[in-house]
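# Examination of the molecular architecture
Now for the letters of each chain:
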Amino acid sequence: MEQAIQAAISGALQGSLFALMALGLSLTWGFLRVINLAHFGVILLGAYLTIEWAGPTGLGPLGVLVVTVPILFVVAAVIHLLYDRFEVSELNSLLISYGLLILMIQLVQNYWTADFQRLPGDINPYATRSVSVGSLIFPLPTVMAALFAAVLVVGIRLFLDRTYAGRALQAFGQDRQIAAAFGIDHRTLGILLAGASGATAAVAGTLFTLRGTVTPDSAMEWVGLVFAIVILGGIGNVAGTLWAGLLVGAVSGLVAVVWNPATSPLVVFSLVVLALIFRPQGLFRRKAAH
Amino acid sequence: MRRERGWILIPVLAVLVAVMPQLRDATGFATSYVILASELLFWAALATSWNLLSGYAGYFSFGQGAFFGVGVYAMAVLTVRMGWDWWQAILVGGVLSTVLALVVGFIAFRLRSLRGEIFALLTLALPFILLAVARLNDAIDGGQGLTVPVPKVPGWIGTPQDFFFVVSGAVAVVAIAVSYWMSQTRYGWALFAIHDDEDVAEAIGVPTFSHKMYAIALTGVIAGLAGGAYALRVGFVTPEGTFNLRVPVMVIVMSVLGGRRHWAGPLVGALYVMILQNRLQTLKLEGWSLVILGVVLIALVLLAPDGLMSRFARRRWTVAGVAVLGVLVPALAGAFGGDFVWSVASGLLLAAFVGFLPARRTEAGEAGSGAVAAQGEWADAPASADEVVVETVDVKKHFGGLKAVDGVSIQVRSGEILGLVGPNGSGKTTLVNLISGFFPPTSGTVKVGGVDTTGMRPHHIAHLGVARTYQIPRPFPSLTVRDNVAIAIMFGREPKSLHAARQEAERYLALVGLAGRGDDLPGGINLHERQLLEMARAMATRPKLLLLDEALAGLNPVEIDNAVEVVWRIHRSGVSIVLVEHLLRVVNQLATRIVVMNQGTVLASGEPSVVMRDPQVVSAYLGRSADAQGH
Amino acid sequence: MLRVTDIDVFYGDAQALWSVSVEVGEGEVVSVVGPNGAGKSTLVNSIAGILRPRSGSIEIDGVDITRVPTHRTCRAGVAIVPEGRRLFPAMSVRDNLDLGAYHKEARAKREETLEWVFSLFPKLADRANQVAGSMSGGEQQMAAIGRALMARPRLLLMDEPSLGLAPVIVDEVFDVIRTVCSGGVSVVLVEQNVHRALEISDRAYLLTEGRITMSGPAAELANDPTLRSLVLGV
């Protein structure tokens, strides 16, 4: 029993990292109607830049965020300019961003090789530490991921609900024409939001490096799980994304322990299929629309 | 309407594959070329199989690696762990992969909420699941990889490399033959229609679900066979090497590059991509191949989504000639140090260059309004008995709290033109959707020719004799005007071949006055002509009842008069008509009876001149003054 | 105030308006009536900048706004109450109202305008935190009008404000239109409910099949028998 609880909570904490990855994707899909697979490339860049710069600059893995967040903000915003310029449809955005993703993965591989990379132990004090609650023990990096995810979710939620720009974005996502008729300029806001999703990618990339190794192919390994979270959480639903991440993580953790690890992806994706059948708008509807 | 003669290439390819091992001794072809050719044919097979569902039907899949991978692991597990023969293993791989495809299709295509994007994402997850299963399951792989034994090569073939070439080639020939066959028959055309507009495809009688299932099954079987051939050829398989990003990247880029609508598109795309990759390798630049493919994919989607074949088809002989010369001249002249692959690359480059030259304008262009006076042997066939063609009994349709249709009972009799009018939001179009089966009613029944149609799929109802047009015309944009009509004939009550349907289509085009516009694409004709095309397509299903939903919206007065004339002609041929229309002037002129709807219910019905003077109708249209409401 | 000159508007190649000209003076209520499908919504959407005429021009106080991007037309003083209300359904009433005052000049006067809107529609103050999509049709209509007023328009475009509402609510809506225009705001009122619209308008245009077929003082049109025959096609 205790083993099951440990597995579920550990899984949920890991799931929060994937929720962090899913956040930006969900936002740009929900509000800007692009399905941006290149987001995974941006996360990958975040991870590699952390490994590259954390030591030499003396900033440490978290300090590097000061540099990577603005850089990846710009990268993501530039990618969005491409979608915006060509007014791509949702399906075409999927194709184009797929092209961008393989391109980015290959460039990362050409520069950093296909080998496993990790943060050196001396500048990653988090990897070996853990947090214990009673008899339960959790690795520190996953706890940090959960904290960051929670902070970002709350922050984004506040931004969307409390600021004029945030509410304008919501309005834009709900009715583009009327939003424009009231003076909401989608172009500026869209680039802002795409950039913000790039910033969350930077955070996700850094947190990923705290727990272990990364290879260029890691990006493809994230895709399935992250999209499962986006769909379960409800496209564009910020808090739902976090809940879905925790749920998916807990379920995978549990299944892996009580059954076997090979079945956990099957269970997760069966969940997605069931959700698509019964709750196409996601498991966690925020407010009743219509 | 050129007869397709490209099929000749398929037996030629088959013969080439079969005699290649013999020819090789005679011509002294290097083994490296054979290896390249086997790889090329393998990718051509896999890309072609992807294209059956994702290109023809437009259901974009990132999951080809899963179907392929089942074939790979069937070959590996059955030959290594069970000691089966390679040919048994490859067939079982094809079957297993088909089963997987059918399961995926059955789940995905049953989902009402499924959009193309979600389907794509679901398939994206598929290889990922199988990767975990294969990696962690010792009975399959367990993470160590499997070495597939080299089978005993039949005597007439020669070396194992020749043998792999023949196996890959055989799968490719099967794949391309299937793809060609589909492009010439109802099976492919159903997918073309689904690609362009799935709802309309149902409405003209295409059983969309079953055709999507056929397509995904064929995708699965060919990908499974190709996977077996691949495992045999490479000799060592790992989960990571099988269920990775390479397969979807390659098949998507190849198909998009070659052209998704043409049976030979993936083959042509595979040719370009493989030669490119090979040359990058010789230049020691293989690290850039995915970068280049990524850029190519982005550029194609943005700038030339139709791919090469659509460009080549315009001047096929010139392109073929340039390609052959481009290959042969340097090859025979011994250019490029005798490296034949460079010669091929030069031929391909030249062909692509010619393909992208701007087209000469050969057509007469938009010479005036094409809708000419109709001709044709359309016998007047006055409806015989006074029978009820369609009947709704207290039918209701509620969307949440909105009662769009709230208890409507109407009958349409043979020989009637029933005008269905009413203010905005009165429920007219919803009623049309209920009759044609696009919405199931919340309660009540709809009967067509006395048959209760509740729960029937729209294509079924189309076969019972109900056809419709759309408020905003929805022709299949990538099919010519003639083929738009032909496809309705192919999927009518009595199935017809493409050739027969194309001939018969002329009759319906003549009926509406579009004879002579058959070769145009819907994008090249004007709104009035597109509305006439909708009527021709609906008539080609040989309906008993035609539902015309705002067929005159946006037309100028001359066009309206012409359209009215066509409606008369359709009516005289013995078809009952329900006319949903805002232009009351026209309805009053055409209709034999009028039903006025307001807020989801029938307000009045009867003779046009009488109904339109009914005070209730007048106030529905003009409103009442505050005084008249008793304030 | 508003001068629409000879606009042709298309959806793709379907022409919806044929050389339509409309004028509205300062503080005037002008209604555009006609059967559905005649192009009334197309006209107001063109004025609001949501649709772009292929030819002709739209001027506000002599300034040409025909080619101005959608999100800038509101700065010229135009606000729309769209057909079917089209509130931002998942957001609160308060958010919807605030978004009405999105553009700079309106935002500066937001608090003041909000008080005014709440005084016009006291119910909205009670419902400020309710999700817009969950309200009744009448309340939504008021919120939609409130949202448009928050933009501090000098020209208010109202598209079918009475559609689907109970008669009592319609009265309330029409009362507000009167109040608003007495404050100097010009109103273009699109209505299927011809008689009600004519009652509160100064002038009116009849739009049938995409063309202006009658125009003049509202009272004259109301008594003209040709109006009825044009609308009903008999």
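Residues numbered from 1 in each chain as written. Chains lettered and ligands numbered in written order. Predicted model: local features only at pLDDT ≥ 70, side-chain atom pairs only at ≥ 80, totals over all residues. Heavy atoms only, no water.

Next up on the list: the overall build of chain B. Each helix and strand in chain B was counted, giving 25 helices and 12 strands. Each of the three principal axes of chain B carries a C-alpha extent, and together these read 95 × 55 × 45 Å. Looking at chain B residue by residue over its 631 residues, the buried ones come to 57%. For chain B, restricting intrachain contacts to residue pairs at least 6 apart in sequence, the fraction spanning at least 24 positions comes to 74%. Of note, chain B has its 49 positive side-chain charges centred 3 Å away from the centre of its 45 negative side-chain charges. (Helix = DSSP H or I, 4+ residues; strand = E, 2+ residues; numbered from the N terminus. Buried < 20%, exposed > 50% of the residue type's maximum accessible area, 1.4 Å probe, protein only. Contact = heavy atoms within 4.5 Å. Lys, Arg positive; Asp, Glu negative; His and termini not counted. Charge placed at Lys NZ, Arg CZ, Asp CG, Glu CD.)

Assigned secondary structure in chain A consists of 12 helices and 2 strands. Ordering the α and β elements of chain A from the N terminus gives α-α-α-α-α-β-β-α-α-α-α-α-α-α. Against the 2.2 N^0.38 benchmark of 19 Å for 290 residues, chain A shows a C-alpha radius of gyration of 19 Å, consistent with a compact globule. The principal-axis extents of the C-alpha atoms in chain A amount to approximately 60 × 45 × 35 Å. Looking at chain A as a whole, 60% of its 290 residues are labelled buried. Sequence separation of at least 24 residues holds for 79% of the intrachain contacts in chain A that already meet a minimum separation of 6. Accessible area for chain A stands at about 11100 Å²; split by element, carbon and sulfur atoms hold 66% of it. Each charge class in chain A was averaged separately, 14 positive and 12 negative side chains, and the resulting centres sit 12 Å apart. (Rg over C-alpha atoms; globule rule 2.2 N^0.38 Å. Areas by Shrake-Rupley, 256 points an atom, 1.4 Å probe, with all protein chains shown as cover.)

Here we come to the environment of A76 of chain C. Residues and elements named next belong to chain C. Following the sequence through the fold, A76 ends up in the loop between helix 2 (70–73) and strand 6 (78–81). Spatially, the C-alpha atom of A76 lies 9.6 Å from that of E59, the residues being 17 residues apart in sequence. The contacts of A76, once residues within four sequence positions are left out, are I60, I65 and R154.

Residues and elements named next belong to chain C. A cluster of basic residues, R72, R75, K104 and R107, forms a positive patch at the surface. Note that R107 resides in helix 4 (residues 104–108). Judged by relative accessible area, which is 32%, R107 ranks as partly exposed. (Patch = residues over 30% accessible without salt bridge, like charges linked within 9 Å, V, L, I, M, F, W, Y side chains within 5 Å. Salt bridge = Lys/Arg side-chain N within 4 Å of Asp/Glu carboxyl O.)

A word on the sheet that holds strand 1 (residues 2–11) of chain C. All names here are of chain C. Spatial ordering of the open sheet is given by 2-1-4-5, a layout of 4 strands whose pairing is antiparallel. The open sheet has two edge strands, strand 2 (14–24) and strand 5 (63–64), and neither has a second partner. Relative to strand 5, strand 4 (residues 55–60) runs antiparallel, the two being bridged by 2 bridges. By the bridge assignment, E59 is partnered in strand 5 with D64. (Pairing = 2+ DSSP bridges.)

Here we come to the domain arrangement of chain B. Residues and elements named next belong to chain B. Entries for chain B in the domain assignment read domain 1 (6–245), domain 2 (388–465 + 543–628) and domain 3 (481–536). One C-alpha centre belongs to domain 1, the other to domain 3, and the line joining them spans 35 Å. Between domain 1 and domain 3, the contact holds 11 residues from the first and 9 residues from the second. The contact between domain 1 and domain 3 buries some 870 Å² in all, and 74% of this surface belongs to carbon and sulfur atoms. Area buried by domain 1 at its contact with domain 3 is led by R186, W189 and I204, which between them contribute 73% of it. The dominant element in the side of domain 1 that touches domain 3, judged by the number of residues it contributes, is helix 7 (residues 186–196), at 4 residues. Residues belonging to the side of domain 1 that touches domain 3 are distributed by class as follows: 6 nonpolar, 4 polar and 1 charged. (Domains from an automatic or database assignment. Buried area = accessible area lost by both parts, 1.4 Å probe. Nonpolar A, V, L, I, M, F, W, Y, C, P; charged D, E, K, R; others polar.)

In this assembly, 35 residues from chain B lie in contact with 38 residues from chain A. Among the residues of chain B in contact with chain A, L121, F128 and L245 of chain B are the three that bury the most area, contributing 17% of the side total. Connecting chain B to chain A are 0 salt bridges. Viewed at the interface, chain A and chain B are joined by 3 residue pairs in polar contact (both at pLDDT 80 or more). Secondary-structure elements contributing two or more residues to the side of chain B that touches chain A are helix 5 (116–136), helix 11 (246–258) and helix 13 (289–303) of chain B. By residue number, the principal contributor to the side of chain B that touches chain A is helix 5 of chain B, which donates 13 residues. (Polar contact = N/O pair within 3.5 Å; in protein donor to acceptor, adjacent residues only side chain to side chain.)

All names here are of chain B. Here helix 7 crosses helix 19 (residues 481–490) at 125°, and the two axes come no closer than 11 Å. Classed by the angle they form, the pair helix 7 and helix 19 counts as oblique. In this structure, the crossing between helix 7 and helix 19 has a hand that is left-handed. Of the residues in helix 19, those in contact with R186, W189 and A193 of helix 7 are D483, I487 and M490. Here the contact of helix 7 with helix 19 is composed, by residue class, of 4 nonpolar, no polar and 2 charged. (Axes fitted to C-alpha atoms, helices over the stretch in contact; angles between N-to-C directions. Parallel < 35°, antiparallel > 145°, perpendicular 65-115°, else oblique. Left-handed = near helix turned anticlockwise from the far one by under 90°.)

For the structure shown, the criterion picks out 35 salt bridges over all chains. With a closest N to O distance of 3.6 Å, R474 of chain B and D199 of chain B form a salt bridge. Of the two residues, R474 of chain B is situated in the loop between strand 8 (466–468) and helix 19 and D199 of chain B in helix 8 (residues 198–203); the sequence distance between them amounts to 275 residues. Residue class for D199 of chain B comes out partly exposed when judged on its relative accessible area of 38%. The partner of D171 of chain C in a salt bridge is R196 of chain C, and the shortest N-O contact between them spans 3.0 Å. Highlighted residues: D171 of chain C in helix 8 (residues 167–182) and R196 of chain C in helix 9 (residues 194–200), separated in sequence by 25 residues. Given a relative accessible area of 5%, R196 of chain C falls into the buried group. Within the structure, one salt-bridge network assembled from shared partners comprises R167 of chain A together with R94, D95, D98, R110 and E111 of chain C.

Residues and elements named next belong to chain B. Between the first and last C-alpha of helix 9 (residues 208–234) there are 38 Å, a value that for 27 residues agrees with the 39 Å anticipated at 1.5 Å per step. With 22 of 27 residues buried, helix 9 lies mostly within the body of the structure. Positive phi appears at G235, one or two residues downstream of helix 9, with a value of about 80°. (Expected span 1.5 Å × (residues − 1).)

What follows is about the packing of aromatic side chains. Considering all chains together, one arrives at 27 aromatic pairs over all chains under this definition. On the numbers, 6.3 Å between centres and 70° between planes, the contact of F106 of chain B with F209 of chain B is edge-to-face. Within this pair, whereas F106 of chain B is found in helix 4 (residues 86–108), its partner F209 of chain B is found in helix 9, the two being separated by 103 residues in sequence. We classify F209 of chain B as buried; its relative accessible area is 19%. Ring pairing ties together the aromatic residues Y98 of chain A together with W50, F60 and F62 of chain B, which thus form one cluster. Its end group placed over the ring of F209 of chain B, R110 of chain B keeps NZ or CZ at 4.2 Å from the ring centre. The ring of F476 of chain B carries R537 of chain B above its face, with NZ or CZ at 4.9 Å from the centroid. (Phe/Tyr/Trp six-rings, centres within 6.5 Å; stacked < 30°, edge-to-face > 60°. Lys NZ or Arg CZ within 6 Å of the ring centre and 35° of its normal.)

Our next topic: the pairing of strand 2 of chain C. The buried fraction of strand 2 of chain C is high, at 8 of 11 residues. Hairpin connection, strand 1 of chain C to strand 2 of chain C: the antiparallel pair is bridged by 2 residues, and G12 of chain C has positive phi, about 60°.

All names here are of chain A. Relative to the assigned elements, L25 resides in helix 1 (residues 2–32). Spatially, the C-alpha atoms of L25 and V108 are 21 Å apart, while their sequence positions differ by 83 residues. Setting aside residues up to four positions removed in sequence, L25 forms contacts with N36, H39, F40, V226, F227 and V230.

Time to look at helix 3 (residues 93–100) of chain C. An α-helical segment advances 3.6 residues per turn. Residues three or four places apart therefore align on the same side. Within helix 3 of chain C, 7 of the 8 residues are buried, which leaves it mostly tucked inside the rest of the structure. Buried within helix 3 of chain C are the following residues: V93, D95, N96, L97, D98, L99 and G100 of chain C. Where helix 3 of chain C is buried, its residues contact helix 7 (164–174) of chain A together with helix 5 (110–120), helix 6 (122–126) and helix 7 (137–150) of chain C.

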